[in-house]
Amino acid sequence: MTPITSIIEHVQQIERDGYAILGNVFCVEELAQIHKQIASAFASTSDSVRHRNGDVYAVRNVLSIYPAARSLWKKQPLLNLLERTLGKEYGLVRGLFFDKPPMQTWALPWHKDLLIAVQQESVKSDRYSRPRLRIGVPHSEPPLEVLQSMLTLRIHLDDMTAENGPLEVLPGSHHTGKEYRVAGFREEQLTCKAGGVLAIRPLVVHSSGRSHPDTTQHRRILHLEFSGLKELPDGVKWWEYYE
């Protein structure tokens, strides 16, 4: 079990930099089980599962397609970290999956994650953007305090290295709120071993480059978003919420 002092250090780093990496959260056997489960779950022809040349590279609506994702995070030190970061009344509100298969790489420019999944009929406040559908699920940009209440856990199912298009971040950029700014921040390239978990605030500016053209590595990630707000401001309801 991760010592309590390490968790406190992780929480402090998340406050300061907007992210922290927890190593060795999932063992080899657990990773093998997850790989087996997602291979079966993502064999679907659903619009939520995106294929290219036989490889799955992105999946939306993961919590519906792969129900085990609703609970596989319920282990230490993740439970401790979530409670200390978000408070006792936190819940899982969205799940995604990404991969960069060999020879099928992609990249994303610098950005912040500003959208949440909501029940469309509940959005009546002008503090939220008009919901727009993404694979059948309404997404809206909420007030700043909602995004500040959130933390994403990215479970690395493969090593993330300089070779397979790792995440790049601007530490501390979550302190600018929704404002997107690159100037004045240093870039940091993150690496992580399989079984490690990146905890990151959605307001951290981040990007992802392309994999090396000769790599044989996948970069599979289970992306789980949590919020400390069970009830959203102005009566808006999460699309899904799991305690």
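Our subject is the structure listed above.
What you see is a predicted model; the values in this text were computed from it and never measured.

Q: When you look at the overall build of the protein in this model, what are you seeing that I'm missing?
A: Broken down by element type, the protein carries five helices and 14 strands. By principal-axis analysis of the C-alpha atoms, the protein measures approximately 50 × 45 × 40 Å. When the 243 residues of the protein are sorted by exposure, 51% land in the buried category. In the protein, the proportion of contacts linking residues at least 24 apart, taken out of those at least 6 apart, comes to 79%. Charged side chains in the protein number 29 positive and 28 negative. The centres of these two groups are separated by 3 Å.

Q: Honestly, the sheet that holds strand β10 (residues 167–169) in this entry has me stumped. Any pointers?
A: Hydrogen bonding along the main chain pairs the strands of a sheet, whether they run parallel or antiparallel. An order of β5-β13-β10-β11 is seen for the four strands of this open sheet, with the pairing classed as antiparallel. Only two strands of the sheet have a single partner each, and these edge strands are β5 (108–111) and β11 (188–189). Where β10 and β11 come together, two bridges link them in antiparallel fashion. The residue bridging V169 from the neighbouring strand is E188, located in β11.

Q: So what exactly am I meant to see when it comes to the packing of aromatic side chains here?
A: Aromatic ring pairs are described here by two measures, namely the spacing of the ring centres and the angle between the planes. Taken as a whole and judged by the stated rule, the model has five aromatic pairs. Every member of this aromatic cluster is reached through a ring pair, and the members are F42, Y66 and F97. Just above the ring of F26 sits the side chain of K75; from NZ or CZ to the centre is 4.5 Å. Taking the ring centre of W106 as reference, the NZ or CZ of K100 above it sits at 4.8 Å.

Q: Which parts of the structure should I look at to understand empty space enclosed by the protein?
A: Leftover empty space is mapped by rolling, across the atoms, a probe with the size of a water molecule. Applying the stated criterion to the full structure yields three cavities of 30 Å³ or more. In terms of lining, the largest cavity is formed by R60, N61, V62, R94, G95, L96, A117, V137, H139, W239 and E240. Elements with a minimum of two residues in the lining of the largest cavity: β4 (91–98) and β8 (137–140). Looking at the lining of the largest cavity, the element that brings in the most residues is β4, giving three residues.

Q: How should I be thinking about the sheet that holds strand β7 (residues 132–134) in this particular structure?
A: With antiparallel pairing, three strands are arranged side by side in an open sheet as β6-β8-β7. Of all strands in the sheet, those bounded by a partner on one side alone are β6 (116–117) and β7.

Q: Help me understand the pattern of salt bridges, please; the structure alone is not making it clear to me.
A: Pairing between side chains becomes possible if they bear opposite charge and their charged atoms approach one another. For the structure on display, the rule yields ten salt bridges. Put simply, K230 and E243 hold a salt bridge, and the shortest N to O gap is 2.9 Å. Of this pair, K230 sits in the segment after β14 (221–227) while E243 sits in the segment after β14; the two residues are 13 residues apart in sequence, bridging distant segments of the chain. For K230, a relative accessible area of 39% translates into the label partly exposed. The network of salt bridges with shared partners includes R127, E145 and D234.

Q: Mind showing me how you'd approach the environment of D17 here?
A: Tracing the backbone shows D17 in helix α1 (residues 4–17). Placed 153 residues apart in sequence, D17 and L170 show a C-alpha to C-alpha distance of 8.1 Å. Not counting chain neighbours up to four residues away, the residues in contact with D17 comprise P171, G172, H174 and V204.

Q: Looking at this model, I keep getting lost on the layout of surface pockets. Mind explaining?
A: Considering only enclosed or pocket space, the largest pocket measures out at about 670 Å³ in volume. R60, L96, F98, L108 and H111 are the residues nearest the centre of the largest pocket, which is lined by 30 residues in total. Every element with two or more residues in the lining of the largest pocket is listed here: β2 (49–52), β3 (55–59), β4, β5, β7, β13 (206–208) and β14. With four residues, the top contributor of residues to the lining of the largest pocket is β4. Here the lining of the largest pocket is composed, by residue class, of 14 nonpolar, five polar and eleven charged. In this structure, the second largest pocket encloses a volume near 180 Å³. Contributions of two or more residues to the lining of the second largest pocket are made by α2 (28–41) and β3. Here the lining of the second largest pocket gets three residues from one element, more than from any other, and that element is α2.

Parameters at a glance
- Residues numbered from 1 in each chain as written.
- Predicted model: local features only at pLDDT ≥ 70, side-chain atom pairs only at ≥ 80, totals over all residues.
- Heavy atoms only, no water.
- Helix = DSSP H or I, 4+ residues; strand = E, 2+ residues; numbered from the N terminus.
- Buried < 20%, exposed > 50% of the residue type's maximum accessible area, 1.4 Å probe, protein only.
- Contact = heavy atoms within 4.5 Å.
- Lys, Arg positive; Asp, Glu negative; His and termini not counted.
- Charge placed at Lys NZ, Arg CZ, Asp CG, Glu CD.
- Pairing = 2+ DSSP bridges.
- Phe/Tyr/Trp six-rings, centres within 6.5 Å; stacked < 30°, edge-to-face > 60°.
- Lys NZ or Arg CZ within 6 Å of the ring centre and 35° of its normal.
- 1 Å grid on protein atoms, 1.4 Å probe; cavity = no way out; pocket = protein on both sides within 12 Å on 5 of 7 lines; lining within 4 Å.
- Points joined across faces, edges and corners; volume = space filled by probe spheres on them.
- Salt bridge = Lys/Arg side-chain N within 4 Å of Asp/Glu carboxyl O.
- Nonpolar A, V, L, I, M, F, W, Y, C, P; charged D, E, K, R; others polar.

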